[in-house]
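For reference, the chains in residue letters:
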Amino acid sequence: MYRTCDITGFKVDLRSQLFIRLNAVMAVISLLGAVIAAILLIFTRYQPVHLLPAEWYYRLTTFHGINALIFWIVFFEIAGLYFGSTVVLNSRFCSPRLGWVSLLLMVAGFVLTNIMVLMGKADVMMTSYAPLKAHPLYYLGIIFFAVGALLGVALFFGNLMIARREGAVTNTLPLFTYGLTAAAIIAVMTLSSGAIIYIPTFLWSLGIIENLDPAVYKVIWWGLGHSSQQINVAAMVSIWYLISFLVLGGTSINERISRFAFVLYILFICLASAHHVLVDPAVSSAWRVWNTSYAMYLAVLASLIHAFAVPSSMESAQRRWGYNKGLFEWLSKAPWGNPAFSAIVLACIGFGFIGGTTGVIFGMEQTNIIVHNTLAIPGHFKGTVVIGTTLTFMGITYYLIPLIFRRKIVGFGLAKIQPWLFFAGIALLSVSMIVLGAFGVPRRHWDATFSGGAFTHNFNPAADFFWTLMMLGGTLAFIATLIWILIVVISVFFGPKLNGPEDMQLSISALAPERKHRGGYEAPGTLVLTLLFLVTFVVLFFLNWKWLAATWSVN
């Protein structure tokens with residue numbers, strides 16, 4: 001059964017639409033749990049309040065990590081994979097029965113894992129390093145979820161085969177779906193790593209396997225733990241291209257290079273996991289050096305390509321629509337009142353200037369030594385997974401509400417400011433955590449001052465200022481997330497039905513016209529912004545090498 005969208009003209013398989021909706025709803029539920037835990041953790045790490053006892057701090061750290069980094073993002077990505085392989089291609093869903101199996105396995109894993117964590121049966125943090133041992137049902141829940149997600153990825157590939165066989169795809173995939181294909185390939189490698197390590201860990205928790213090597217566990221686990229964030233990067237960048245197309249009619253000024261960058265992600269981006277095992281005896285020094293330098297730089301090259309290609313697609317389109325004055329009229333005249341557009345632009349800025357720069361610096365073997373077990377690492381996560389991926393997913397949701405759920409956006413005025421509030425809050429939170437990490441504040445410890453212990457430690461007094469900034473940023477981001485969740489829930493379940501294009505609150509642009517004049521730079525403003533980013537990166541890069549040189553005194 002199909003419906004024809006009266007706004008986009010797409011032929012929408014109603015079975016695919018149902019699975020997109022259900023996975024998206026589960027994603028929002030996961031995010032709600034994650035953000036409630038996050039605000040409690042922020043007011044626990046903030047020393048003047050120190051809200052939770054140690055037991056609940058570690059419990060909610062586990063809960064937050066699983067829900068924020070795994071459940072929220074993977075549920076949303078499965079919804080995105082179904083959307084990109086059916087709706088965008090005007091094709092059908094290959095196997096509704098397996099779609100239900102995938103969804104039920106993921107939901108069962110979500111419920112089982114969270115129950116075990118909240119019952120105090122899995123106070124092992126998200127990494128659950130051996131020899132820490134959780135209840136067997138915790139591991140079983142993770143396995144259920146991973147298998148369900150792998151099945152969802154397999155259905156994505158099945159949908160592509162159906163589209164090709166039935167003529168919906170005759171040449172090459174649209175760039176959005178191509179990027180999602182890269183994300184799906186990375187997902188297979190990532191989720192397989194999870195299955196490889198969680199199945200023996202489950203048997204170990206049952207007592208069937210007597211011993212589990214902690215070094216082996218850690219190396220394989222990070223094939224899941226870090227690489228899962230690389231699925232996010234590929235999916236996030238794909239959405240950036242999609243929203244540029246929807247809002248401005250923009251396309252990559254060199255689509256072949258953009259596609260090549262996604263191939264580099266497939267080949268090299270998972271190797272960034274190496275920086276989590278730099279001091280482990282399980283891998284050689286040569287392996288560490290290769291993966292944290294030469295191989296990682298190829299993944300960084302891919303991100304640098306997208307960092308130019310996405311904004312240049314916007315600038316090129318805007319200039320073809322007539323915004324040609326100076327370097328930045330295209331930017332000043334952009335549709336900033338469109339929350340999807342503002343969300344992805346802010347996500348690009350935050351991901352590049354905060355997450356990207358620190359990702360390269362912290363991923364290197366030498367500079368990683370300064371900060372790895374400090375608060376700077378989760379601060380980096382906030383710049384990548386939260387400002388980058390989460391804000392991007394929030395942005396595309398403003399289009400999914402009318403196009404997939406067929407509802408008008410309730411509270412559209414709040415929706416316009418929500419991305420700005422979220423960006424400001426997470427930017428404050430992220431930068432504050434990175435600076436606190438530079439001061440040496442530990443990454444996981446419940447009490448940064450070690451009060452009540454055999455010894456205490458006093459940090460640089462400037463740390464107090466950044467603790468306060470962290471608390472303020474986290475609070476602002478919490479409020480912005482609740483606003484987004486309320487907008488989504490009220491719109492989806494109680495919002496006015498969308499009767500046609502006249503009810504559409506967000507514009508969908510026609511394809512930008514062809515360039516009238518050839519020659520010269522097609523996107524000079526983007527070139528200037530890219531050079532500004534590179535200067536920022538170089539300054540931060542050499543600052544970190546300076547700090548590394550000052551770590552030990554050599555006489």
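Refer to the preceding data block for the structure.
These numbers come from a predicted model, not from an experiment.

The rules behind these values
All chains use their own residue numbering, which begins from 1 and follows the written sequence. For a predicted model such as this one, the threshold for reporting local features is a pLDDT of at least 70, and the threshold for listing and counting side-chain atom pairs is 80 or more; totals across whole chains, interfaces and linings nevertheless cover every residue. Excluded from the side-chain calculations are hydrogens and water; all other atoms, namely the structure's heavy atoms, are used. Salt-bridge detection follows one rule: a side-chain nitrogen of Lys or Arg within 4 Å of a carboxyl oxygen of Asp or Glu. We call a residue buried when its accessible area falls under 20% of the maximum for its residue type, exposed when it is over 50%, and partly exposed in between, using a 1.4 Å probe and counting protein chains only. Helical segments are the DSSP runs of H or I of at least four residues, strand segments are the runs of E of at least two, and each set is numbered from the N terminus. Patch members must show over 30% relative accessible area and no salt bridge, and they are joined within 9 Å when carrying like charges or within 5 Å when they are nonpolar side chains of Val, Leu, Ile, Met, Phe, Trp or Tyr. Only the protein chains shown count as cover for residues, and the accessible areas themselves come from Shrake-Rupley with a 1.4 Å probe. As used in this structure description, the phrase polar contact means that two N or O atoms lie within 3.5 Å; if the pair is within protein, one of them must be able to donate a hydrogen and the other to accept it, and residues adjacent in sequence are counted only when both atoms belong to side chains. Ring geometry is summarised as follows: Phe, Tyr and Trp rings, the Trp one being its six-membered ring, pair when their centres sit within 6.5 Å, and such pairs are stacked at plane angles under 30 degrees, edge-to-face over 60 and tilted between the two. Both a distance and an angle decide whether a charge sits over a ring: NZ of Lys or CZ of Arg must be within 6 Å of the ring centre and within 35 degrees of the ring normal.

S.K.: Whenever I open this one, the pattern of salt bridges confuses me. Can you help?
M.R.: Applying the stated criterion across every chain, the model contains seven salt bridges. A salt bridge links Asp13 to Arg15; the nearest nitrogen and oxygen atoms lie 3.1 Å apart. By relative accessible area, Asp13 is classed as buried at 1%. Arg15 sits in the partly exposed class, given a relative accessible area of 31%. Residues Arg59 and Asp123 are paired through a salt bridge, measuring 2.9 Å at the closest nitrogen-oxygen approach. Here Arg59, found in helix H2 (residues 54–87), pairs with Asp123, found in the loop between helix H3 (96–118) and helix H4 (136–165); they are 64 residues apart in sequence, far enough to count as distant. Looking at Arg59, the relative accessible area reads 6%, which means it is buried. On the accessibility criterion, Asp123 (29% relative accessible area) is partly exposed. Taken together, the salt bridges that share partners define one network made up of Glu55, Arg59 and Asp123.

S.K.: Would you mind going over a nonpolar patch on the surface with me for this structure?
M.R.: A cluster of nonpolar side chains, Leu327, Phe328, Val528, Leu529 and Leu532, forms an exposed patch at the surface whose accessible area comes to about 370 Å². With respect to the helices and strands, Val528 occurs in helix H17 (residues 524–549). Residue classification places Val528 among the partly exposed residues on the basis of a relative accessible area of 35%.

S.K.: What is the right way to read the environment of Asn460 from this model?
M.R.: On the secondary structure map, Asn460 appears in the loop between helix H15 (412–438) and helix H16 (462–494). Counting along the chain gives 21 residues from Asn460 to Phe439, while the straight-line C-alpha distance between them is 7.0 Å. Polar side-chain contacts of Asn460 include one of 2.9 Å to the backbone nitrogen of Ala462.

S.K.: Would you mind showing me how to read the environment of Gly326 here?
M.R.: Residue placement: Gly326 occurs in the loop between helix H10 (294–320) and helix H11 (329–332). Taking the C-alpha atoms as reference points, Gly326 and Asn171, separated by 155 residues in sequence, lie 38 Å from one another.

S.K.: How should I be thinking about the packing of aromatic side chains in this particular structure?
M.R.: Aromatic ring pairs are defined here through the distance separating the ring centres and the angle between the ring planes. Counted according to the given criterion, the structure contains 30 aromatic pairs. Taken together, a centroid distance of 6.1 Å and an interplanar angle of 80° make the contact between Trp240 and Phe351 edge-to-face. Taken together, the residues Trp240 in helix H7 (residues 227–248) and Phe351 in helix H12 (residues 339–363) connect sequence positions 111 residues apart. Each member of the pair Trp240 and Phe351 is classed as buried. Ring centres of Phe537 and Phe541 lie 5.7 Å apart, and the angle between their planes is 45°; on these two criteria the pair is classed as tilted. A residue pair is termed a helical-turn pair when its members lie 3 or 4 positions apart in one helix, as Phe537 and Phe541 do in helix H17 at four residues. Assigned by exposure class, Phe537 and Phe541 land together as buried. Three or more aromatic residues link up through ring pairs in this structure, and these residues are Phe19, Tyr82, Phe93 and Trp100. Directly above the aromatic system of Trp56 lies the positively charged group of Arg59, at a separation of 4.7 Å from the ring centroid. The aromatic ring of Tyr178 is capped on one face by Arg259, whose charged end is 4.7 Å from the ring centroid.

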